Amino acid sequence: MRDFKPNTPYTTPFFLLKTKETKRVKGVEVKQREKEEKPRFCTFKTFGGTEKEVNNVTVVENTATVETWYTPDIKADSAIEVNGIQYEILGTPENINMRNQYMQIKVRAVKGSA
């Protein structure tokens, strides 16, 4: 088995947004998050987003793949902020090769709606 090595250096700064509290407001789950003061670094690849069909209309969803150093602080209920845009974590972050060295995360931009 070959060891995983990042293809590019971790040069994109991001802030971890840890979930402190979850409330239900008018039937919708709202998470209160706290932003860390110091940035962490990652590779951030969007690949042009993800196409999906909503009400028979094809839309492009702002998704990305993030690789960074492993930390147990990054969890499925956390979020990250890159260049002022918040992204929610999709699924469970992957601990690559279960070595607690690198991790990969799938994220989606958080959008407000009327």
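Located above this text is the structure these notes cover.
Everything numeric in this text was worked out from a predicted model, so none of it was measured.

**Digging into the overall build of the protein**
A tally of helices and strands in the protein yields 0 helices and 9 strands. Its helices and strands in sequence order give the protein the pattern β-β-β-β-β-β-β-β-β, from N to C terminus. Counting only C-alpha atoms, the protein reaches 45 × 35 × 25 Å along its principal axes. Counting every position in the protein, which comprises 114 residues, the buried fraction comes to 29%. Pairs at least 24 apart in sequence give 54% of the contacts found in the protein among residues at least 6 apart. Counting only carbon and sulfur atoms, one obtains 47% of the accessible surface of the protein, whose full area is about 8,100 Å². Considering the protein, the positive charge centre built from 19 side chains and the negative charge centre built from 15 side chains are found 1 Å apart.

Calculation notes
- Residues numbered from 1 in each chain as written.
- Predicted model: local features only at pLDDT ≥ 70, side-chain atom pairs only at ≥ 80, totals over all residues.
- Heavy atoms only, no water.
- Helix = DSSP H or I, 4+ residues; strand = E, 2+ residues; numbered from the N terminus.
- Buried < 20%, exposed > 50% of the residue type's maximum accessible area, 1.4 Å probe, protein only.
- Contact = heavy atoms within 4.5 Å.
- Areas by Shrake-Rupley, 256 points an atom, 1.4 Å probe, with all protein chains shown as cover.
- Lys, Arg positive; Asp, Glu negative; His and termini not counted.
- Charge placed at Lys NZ, Arg CZ, Asp CG, Glu CD.

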